[in-house]
Amino acid sequence: MIVETFQKMFATPPEVVVRAPGRVNLIGEHTDYNEGFVLPAAIDRYIEFAGRRRADRTVRAHSSDFKDSVEFSLDDIAKDAAHRWSNYLRGVSKFLEADGHRLTGADVVFGGNVPREAGLSSSAAVEVGATAFWQRLMGLKLDPVYVVKLSRRAENEFVGVPCGIMDQFVSALGRREHALFLDCRDLSYRHVPVRGEVKIVVCNSGVRRALAQSEYEVRLRQCRQAEAQLRSAGLAVNSLRDVDPVDLETAGDALTEILRRRARHVVTENHRVLEAVRVLAEGDLERFGELMNASHQSLRDDYEVSSKELDTLVELAWKQPGTLGARMTGAGFGGCTVNLVRADAADAFAEAVRSGYQEALGLKAEIYVCQASDGALAT
Ligand code: GLA
């Protein structure tokens, strides 16, 4: 598809084609910016890039999703409020150049099938795809973790969204049939096989994440405040990652009620991820599912980032035969749920959740049965 579009736009075949996947997080939510643990998987939904070099310093970019084109010079890269879809590519290009990687101009077309604003990290896929695109086009030798960090930097510093590192990491380094266990403090990671006859089913609530950015910023601040209050109470913590559940019991009084609940989510979620990785490796999918369910409850009650729609989807999922676990995934306030479902029950699951959601809220859920897939840099 992307190759044909490129050919139509520029009347020649592209020199390189790369793709970067969206992601779903199995467990470990709102832990990445607390130096904690996460366990996402890349999914078989991609943003593809096709392009060729130019002899000058001009980038001509076309979005096949927005059916819109822009042109900018590598010598003067600024944010473009009128073509916001292009800012990820602009940011990545700017920071590569700032780091001393000399680029040439390029003609590029990109787009794909990662649902937008659904909590499946379409922006991370665009950023990682753009970085991988330049890497291939220019033959740059880049360390994979550098690609991840640069892509995130484009989101944080250029686009201006304060996300953690999980999404870019898994879009770059996810692996087929595996989840990716990442320690967000030292960025060490390991692929954990998702074995057995199970499917990762994603249910899209269809509700745009209206509050997502402002509430995300509030949660981020609350975590920093909780750390500060725990430090004033004498606990040696750099981040909530360093707090264990016992500390929280004893030093919890130092925290205001809201901060105590926010901290409890992060602290218990980190423990759930560690157990989830262990039981997944042992093939104990029942226990894995229970941990997903507990994660949802914690996000709903302590972290307060769920919504009526997400809770409805999760509660419907819990009732279906063959569901091992169900929870909201991503930042929250809309977007998607992730469900681990026995393979032979997946079709009936999708049907029942779709009709139950329509009946309960009069809304249409889109349902994707996903494969854990290779990231953009997988070799
Ligand atoms: C968004 C951010 C991630 C992470 C999740 C919540 O997806 O981009 O970095 O913080 O929310 O787990």
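Not measured: the values here are computed from a predicted model.

Let's shift gears to helix H3 (residues 122-138). Between its first and last C-alpha atoms H3 spans 24 Å; for 17 residues at 1.5 Å apiece the expected length is 24 Å, and the two agree. Across the 17 residues of H3, 15 count as buried, placing the element largely inside the fold. Trailing H3 by a residue or two, glycine 139 shows a phi angle of about 65°, which is positive.

Within the structure, the ligand sits among Arg23, Glu29, His30, Asp32, Tyr33, Cys163, Gly164, Met166, Asp167, Tyr216 and Ala331. Taking histidine 30, its main chain carries an N or O atom lying 2.7 Å from an oxygen atom of the ligand. In this structure, an oxygen atom belonging to the ligand sits 2.6 Å away from a side-chain N or O atom of tyrosine 216. Protein burial of the ligand: of its 310 Å² of free accessible surface, 93% is covered by the chains. Grouping the constituent residues of the shell around the ligand by class yields 5 nonpolar, 2 polar and 4 charged.

All right, on to the pattern of salt bridges then. Considering all chains together, one arrives at 29 salt bridges under this definition. Across the salt bridge formed by aspartate 107 and arginine 52, the nearest N and O atoms sit 2.9 Å from each other. Residue aspartate 107 is located in strand E5 (residues 106-112), and its partner arginine 52 is located in strand E2 (residues 37-53); the two are separated by 55 residues in the primary sequence. Of the residues examined, arginine 52 reaches a relative accessible area of 18% and is grouped as buried.

Of all hydrophobic cores here, the largest spans 82 residues; its most connected members are Leu39, Phe49, Leu89, Phe133, Trp134 and Phe288. With 9 residues, H3 is the single largest residue contributor to this core. Residue-level mapping places this core at the junction of two domains, with at least three residues from each of domain 1 (2-193) and domain 2 (198-370). Those residues within four positions of phenylalanine 133 in sequence are excluded, and the remaining contacts are Val16, Val18, Phe49, Ala50, Gly51, Ala106 and Val108. Grouped together as the second largest cluster of nonpolar side chains are 24 residues, Val237, Tyr303, Met328 and Ala331 included.

Moving on, we get to the side chain of glutamate 309. Inspection of the secondary structure assignment puts glutamate 309 in helix H10 (residues 308-319). Despite its burial, glutamate 309 remains without a salt bridge, the nearest opposite charge being carried by lysine 308 at 4.3 Å. Sequence-distant contacts of glutamate 309, that is, excluding residues within four places in its chain, are made with Ser205, Val207, Tyr357, Leu361 and Leu363.

Analysis parameters
- Residues numbered from 1 in each chain as written.
- Predicted model: local features only at pLDDT ≥ 70, side-chain atom pairs only at ≥ 80, totals over all residues.
- Heavy atoms only, no water.
- Helix = DSSP H or I, 4+ residues; strand = E, 2+ residues; numbered from the N terminus.
- Expected span 1.5 Å × (residues − 1).
- Buried < 20%, exposed > 50% of the residue type's maximum accessible area, 1.4 Å probe, protein only.
- Near = heavy atom within 4 Å.
- Polar contact = N/O pair within 3.5 Å; in protein donor to acceptor, adjacent residues only side chain to side chain.
- Areas by Shrake-Rupley, 256 points an atom, 1.4 Å probe, with all protein chains shown as cover.
- Nonpolar A, V, L, I, M, F, W, Y, C, P; charged D, E, K, R; others polar.
- Salt bridge = Lys/Arg side-chain N within 4 Å of Asp/Glu carboxyl O.
- Core = buried A, V, L, I, M, F, W, Y, C linked by side-chain atoms within 4.5 Å.
- Domains from an automatic or database assignment.
- Contact = heavy atoms within 4.5 Å.
- Lys, Arg positive; Asp, Glu negative; His and termini not counted.

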